[in-house]
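Each chain, letter by letter, is given below.
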Amino acid sequence: MSLKLEIEMLEPRKEFALPAGMAGEGTIQFPPLYPEWLGDPEFRRLHAVRFNYVVGEMARGIATPRMVVAAVNAGCMGFYGSAGLGLDEIRAGIAKIQAELSPAQIGWGANLIYSPQHPGQEAATVDLFLETGVARVSASAYMRLSADIVRYSALGLSRGPDGEIARSTHVFAKVSRAEVAEQFMAPAPEKMLRELVESGAITPEQADLAARAPVAADITAEADSGGHTDRRAAAPLFASLSEARDRVCARHDLSPELIRIGLGGGIATPHGVAAAFAMGAAYVLTGSINQACVESGLSLPAREMLAKASPADVAMAPAADMFEQGVEVQVLKRGTLFAMRGKKLHAHYREGLSFETMSEKDRAWLEDVLGEPFSAAWDKTRAFIEKTNPREAERAETDGNKRLALVARRYLFMGAQWAREGDLARKSDYQIWCGPAQGAFNEWVAGSFLEPVENRSIRQIALNLMEGAARLSRAAQLRACGIPMPATAFSYRPLQFSWSGQGR
Ligand SMILES: Cc1cc2nc3c(=O)[nH]c(=O)nc-3n(C[C@H](O)[C@H](O)[C@H](O)COP(=O)(O)O)c2cc1C
């Protein structure tokens, strides 16, 4: 595509000649198309952002306060990676974000993880969010609604000046299944609201409003992504959630305007962003690609590994916290043996083996992986488990298979720690959550200023993705009107944006 056409494509009120033989006047006029106009305008208004672009939470502070601040300053939204952090650390992170942003910069939030296996944790986190004024919460891993997420949502409800229901607490529900989405799209169940009123957690008026409003007005459809993932394909998932919204709204007599559906998972190039908006996504959410950015909490050696990945360089590996249940996470495969080692460990566990009953060869392999004798690894594991789950520690004393599982869990957990800290001696054990998005991004930016990790910033990536998506959207719009478009109109090379974000 010529540079002239590239510039003309986005110009306001540009006239394009229609091909000979087409019906009409011979020319067609288009209104302008700006990156700022992609996605639902209500999303921009409510969350005070310039772009419908969300930088997703990444656990244990990989989505740092600095990353959140960079996202907001670039006109986007950002979620702090608060999952897996202690309350004090979350509090400190929130304070950092609040110190850097003005009160008008409200487009940020933190992450709340469904944790029925840790009673009290969700309640304490919600209390902290309410106390510190976190007005946006991304709720993830939910299988069903919990009283705490309903409490957080209901406490922010009030009657607006025109009688409409206003919110001061906003839930973003991250889901990959319609049956979970429907629970967040619908008003909270009556019984749950009644119990919250009875316990004094919410007022009768808040319960009354909550019975007429969705629990979450922003639903993030999460397709095949880094970390925990159902590996859903984006288009069928988005369609499924759109249908779910229509069903829920009809059932509860709600306006479909009250529920916005965004799309994340695999979004890494202008093509992905344009496709999401073309499907009707209210906003897009990125994850994996932000992990290699300068604002990420991941170490430089691990970020450099990410920058070399291609789309197929990912694999599923056992999750540290749900090893026994066989839950898996999507991780980087290239440059680390973590996925292969994790899978082998899980296979030994599934066979019912213990260190003592493993073959001599496998015992030698395991001690090589652990980097120490099994007995030393068990001593360290036991010291930790005795504090967090004494019953499990006691059981493992007499159950060798359980001992193997606990030592494996510690190894898997440490894999993420070594990657965060950049422990060079343990590079082949790095656990780096990553989806195919990272490889697609690397291919797109190859040879551009965004190839080196030191140039990968939240701002440059977001602006390039949104600008590129606007251009691709325009090319698609012109083609759909019958105007012949060169194949090159559907590719966009990254350009360095100036600090103001207006020029290049
Ligand atoms: C390193 C990493 C950590 C993540 N941690 C969390 C988390 O704690 N909570 C959560 O809801 N999502 C988490 N995610 C998912 C992202 O927020 C986002 O939904 C996902 O990465 C989008 O898909 P993508 O990886 O294909 O871009 C994580 C993703 C990555 C890559």
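Each chain carries its own residue numbering, running from 1 in the written order of its sequence. It should be noted that, the model being predicted, local features are given only for residues of pLDDT at least 70 and side-chain atom pairs only at 80 or more, the latter also being counted only at that level, while totals for whole chains, interfaces and linings use all residues.

Chemist: Outline the sheet that holds strand S15 (residues 328-332), listing residues and values.
Modeler: Spatially, S11-S15-S14 is the arrangement adopted by the 3 strands of the open sheet, whose pairing is antiparallel. In this open sheet, the two edge strands, each paired with only one partner strand, are strand S11 (227-228) and strand S14 (314-318). By this definition, two strands are paired if DSSP reports at least two bridges between them. Only DSSP runs of H or I reaching four residues or more are called helices, and only runs of E reaching two or more are called strands; each is numbered from the N terminus. With 2 bridges joining them, S11 and S15 adopt antiparallel strand pairing. What sits directly across from His228, in S15, is Val329. Packing of helix H14 (residues 338-350) onto the sheet brings it into contact with S14 and S15, and relative to S14 it is tilted by some 35°. This entry defines residue contacts through backbone-placed C-beta atoms, with two residues in contact when those atoms are within 7 Å. To define axes, lines are fitted to C-alpha atoms, for helices over the stretch in contact only, and angles between the resulting N-to-C directions are given on a 0 to 180 degree scale.

Chemist: Lay out helix H18 (residues 400-421) in plain terms, naming residues and giving numbers.
Modeler: A helix is expected to span 1.5 Å multiplied by its residue count minus one. Look at H18: 31 Å from first C-alpha to last across 22 residues, which is about the 32 Å you get at 1.5 Å a residue. Looking one or two residues beyond H18, the residue adopting positive phi is Gly422, at roughly 75°.

Chemist: I'd like to hear about the sheet that holds strand S13 (residues 284-286), residue by residue, with values.
Modeler: Sheet architecture is closed into a barrel: 8 strands sit in the order S3-S4-S5-S6-S9-S10-S12-S13, paired in parallel fashion. Strand-to-strand twist in this sheet, taken as the mean axis angle between neighbours without regard to direction, amounts to 30°. In this structure, strand S3 (residues 53-55) lies alongside S13, joined through 3 bridges in parallel fashion. Bridge pairing in S13 links Tyr53 to Val284.

Chemist: Can you lay out the domain arrangement of the chain for me, pointing to particular residues and giving the numbers?
Modeler: Note that domain bounds follow an automatic or database assignment of domains. What the domain assignment lists for the chain is domain 1 (3-35 + 439-490), domain 2 (37-299) and domain 3 (310-433). Computed over C-alpha atoms only, the centres of domain 2 and domain 3 are separated by 32 Å. Listed as interface residues are 8 residues of domain 2 and, on the opposing side, 8 residues of domain 3. Residues of the side of domain 2 that touches domain 3, tallied by class, amount to 1 nonpolar, 7 polar and no charged. Charged means Asp, Glu, Lys or Arg here, nonpolar means Ala, Val, Leu, Ile, Met, Phe, Trp, Tyr, Cys or Pro, and polar covers whatever is left, Gly included.

Chemist: Now, about the site of the ligand: what can you tell me, with residues and values included?
Modeler: Each residue gets a C-beta atom placed from its backbone. If that atom is within 6 Å of a molecule or strand, the residue is near it. Within the structure, the ligand sits among 27 residues, and Gly56, Ala59, Ser225, Gly226 and Gly287 are positioned closest to it. Every element with two or more residues in the shell around the ligand is listed here: S13 and helix H12 (288-291). Looking at the shell around the ligand residue by residue, the classes come out as 9 nonpolar, 15 polar and 3 charged.

Chemist: A description of the environment of Ile458 should follow, citing residues and the corresponding values.
Modeler: By secondary structure assignment, the location of Ile458 is in helix H20 (residues 458-480). Partly exposed residues are those whose C-beta has more than 12 but fewer than 20 other C-beta atoms within 10 Å; 20 or more makes a residue buried and 12 or fewer makes it exposed, with C-beta atoms placed from the backbone. In this structure Ile458 comes out as buried when scored by C-beta crowding, with 28 C-beta atoms within 10 Å.

Chemist: Give a description of the nonpolar core that names residues and reports values.
Modeler: One nonpolar core equals one set of buried Ala, Val, Leu, Ile, Met, Phe, Trp, Tyr and Cys residues connected by C-beta atoms within 7 Å. One finds Cys76 and Ile219 to be the most contacted residues of the largest nonpolar core, which totals 142 residues. Per-element accounting of this core gives the leading share, 11 residues, to H18. Not counting chain neighbours up to four residues away, the residues in contact with Cys76 comprise Val49, Phe51, Tyr53, Val54, Val55, Ala71 and Ala462.

Chemist: I'd like a rundown of unusual backbone geometry, residues and numbers included.
Modeler: Of note, Arg60 is a non-glycine position whose phi angle comes to about 55°, a positive value. Locating Arg60 in the fold gives a position in the loop between S3 and helix H3 (65-73). According to the C-beta neighbour criterion, Arg60 is partly exposed, with 15 such atoms within 10 Å. Its identity as a non-glycine residue notwithstanding, Ala141 has a phi of 70°, on the positive side. Inspection of the secondary structure puts Ala141 in the loop between strand S6 (136-140) and helix H6 (147-155).

Chemist: If you had to explain the packing of helix H4 (residues 87-100) against helix H5 (residues 121-132) to someone new, which residues and values would you point to?
Modeler: Where H4 meets H5, the closest approach of the two axes is 11 Å, and the angle between their N-to-C directions is 25°. Classified by the angle between their axes, H4 and H5 sit roughly parallel to one another. For H4 against H5, the interelement crossing comes out right-handed. Contact with H4, carried on its side by Leu87, Ile90, Arg91 and Ile94, involves Ala124, Leu128 and Thr132 of H5 and no other residues of that element. Among the residues forming the contact of H4 with H5, the class breakdown is 5 nonpolar, 1 polar and 1 charged. Working rule for angles: under 35 degrees goes down as roughly parallel, over 145 as roughly antiparallel, 65 to 115 as roughly perpendicular, anything else as oblique. Left-handed describes a crossing in which the near helix is turned anticlockwise from the far one by less than a right angle; the clockwise case is right-handed.

Chemist: An account of H20 is requested, with residue identities and associated values reported.
Modeler: Think of an α-helix as turning once every 3.6 residues; residues three or four places apart then point the same way. Between its first and last C-alpha atoms H20 spans 32 Å; for 23 residues at 1.5 Å apiece the expected length is 33 Å, and the two agree. A large share of H20 lies buried, amounting to 17 of its 23 residues.

Chemist: Can you tell me about the pairing of S15, naming the residues and giving the values?
Modeler: S15 sits mainly inside the fold: 5 of its 5 residues count as buried. Pairing geometry for S14 and S15, over 5 bridges, is antiparallel. What sits directly across from Ala317, in S15, is Val329.

Chemist: Summarise the packing of H3 against H4; cite the residues concerned and give the values.
Modeler: At a minimum axis separation of 9 Å, H3 and H4 run at an interaxial angle of 30°. For the element pair H3 / H4, the angle class is roughly parallel. In terms of crossing hand, the pair formed by H3 and H4 is right-handed. Residues Pro65, Val68 and Val69 of H3 lie in contact with H4, whose contacting residues are Gly93, Lys96, Ile97 and Glu100. Classifying every residue of the contact of H3 with H4 gives 4 nonpolar, 1 polar and 2 charged.

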